[in-house]
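This is what each chain is made of:
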Amino acid sequence: MVDALRLFDDSRLEALTSRFRNVRVAVLGDYFLDKYLEVEPALAEPSLETGRTAHQVAAIRHSPGAAGTVVNNLAALGAGRLVTVGFTGDDGEGWELRKDLAALGCDLAHLHVEPERVTPTYLKPRDRTRSGLEGEHDRYDIKNTQATPRRVEQALLASLDAVLPSVDALVVMDQVREPGRGALTDALIAALSERAPRFPQTVFWADSRGRIRRYRNLTVKVNQFELVGESDPAPDARVPDHVIHAETERLAEFLKAPVFATAGERGVRVSGPDSATVPSVRVAGPVDPTGAGDSFTAGAVLALAAGATRPEAALVGNLVASVTVRQLATTGTAQPSELFSVLALWKEQNS
């Protein structure tokens, strides 16, 4: 077992999770809508016009995606206050997304409705007769193809400055790979790096698909491939442990902030001075890794804001992720009460 976690037990987990209800969190970033189309194969019919198969959607479900996935996980874990900072389009997908976020109890005052933008959406058709990932069809994405207008950028900067004095943690979710098309423009990233040192008691946490090295002064989460700059790893690729250890410390020094580097079943490497590799929970049976990183983020951020050490926060994040990956064909969530049994399993696996 990791030395820094040798005394971590149910009472410590209870002490941390009981404080989640007092934590105020703002999530700044790219809000997507995850929209699942449940296709009934038995109802398929040929199109009269083309002769091609017309798939019949028997049910539709949707939930917040990207930055919204983190919000969903924070809500399930019992965060005390949730503030959304970003934008949606003035469209049907935006209406659905805002409705879902409102149902979670979010403060939407800083989630701007912008007619010049579309609401980024992942359309996920799936065969409802086939369980798990086997039933998924090709995905259809709706994205913004033009740069984020300066006016929208300025509105987000004003919202950032409005919410920072009143939150305990700010989570930054930089989902859009194309530079300048999402919420995290050059100006927003620069503002975050400049403002973070002004709020030393606030947890600043960033997750970015392509620009993580620009988030100076913010705690960052990277996966093993982002850590070494690998954008298209082979399915069976893995970065050696000694490289992860060295690059985690190098990135932390460059950013002047802590680094959490995830490596799947091998766990999470936390940068020094309390550096450690925190093992993951080994889960049996089929798993769905969709959203696992976001659920890790939610657990780790709440733990840090509740007073956890960095290794403790990594462990809590791992516990949360181990629950969500067992929920197939959806972006799962975890309740605090579910973490105690997986902590027992983790301790057994690492005794």
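These notes cover the structure that comes with them. (Residues numbered from 1 in each chain as written. Predicted model: local features only at pLDDT ≥ 70, side-chain atom pairs only at ≥ 80, totals over all residues. Heavy atoms only, no water.)

## What to know about the pairing of strand 8 (residues 121-127)
On a regular strand, one side chain projects to one face of the sheet and the next to the other, so that they alternate.
Right, on to step 1. Counting buried residues along strand 8, 6 of its 7 residues qualify, which places the element largely inside the surrounding structure.
Right, on to step 2. The pairing of strand 2 (residues 31-39) with strand 8 spans 7 bridges and is parallel. Each bridged residue has a counterpart across the sheet, and for valine 39 the counterpart in strand 8 is aspartate 127.
Right, on to step 3. Taken together, the 3 bridges between strand 8 and strand 9 (residues 140-142) define a ladder with antiparallel strand orientation. The residue bridging tyrosine 122 from the neighbouring strand is aspartate 141, located in strand 9. (Buried < 20%, exposed > 50% of the residue type's maximum accessible area, 1.4 Å probe, protein only. Helix = DSSP H or I, 4+ residues; strand = E, 2+ residues; numbered from the N terminus. Pairing = 2+ DSSP bridges.)

## A word on helix 9 (residues 310-324)
Right, on to step 1. Here helix 9 contains 15 residues, and its C-alpha end-to-end distance of 21 Å stays within 8% of the 21 Å for a straight helix at 1.5 Å per residue.
Right, on to step 2. The buried count for helix 9 comes to 14 of 15 residues, which makes it a mostly enclosed element. (Expected span 1.5 Å × (residues − 1).)

## Topic: the packing of helix 8 (residues 292-305) against helix 9
When two helices pack together, you describe them by how their axes are tilted relative to each other and by the distance separating the axes.
Right, on to step 1. Between helix 8 and helix 9, whose axes approach to 7 Å, the crossing angle comes to 140°. One element, helix 8, and the other, helix 9, form an angle in the oblique class. Handedness of the helix 8/helix 9 crossing: right-handed. Of the residues in helix 9, those touching helix 8 at Ala292, Ser295, Phe296, Gly299, Ala300, Ala303 and Leu304 are Arg310, Ala313, Ala314, Val316, Gly317, Asn318, Val320, Ala321 and Thr324.
Right, on to step 2. In terms of residue class, the contact of helix 8 with helix 9 is built from 10 nonpolar, 5 polar and 1 charged. (Axes fitted to C-alpha atoms, helices over the stretch in contact; angles between N-to-C directions. Parallel < 35°, antiparallel > 145°, perpendicular 65-115°, else oblique. Left-handed = near helix turned anticlockwise from the far one by under 90°. Contact = heavy atoms within 4.5 Å. Nonpolar A, V, L, I, M, F, W, Y, C, P; charged D, E, K, R; others polar.)

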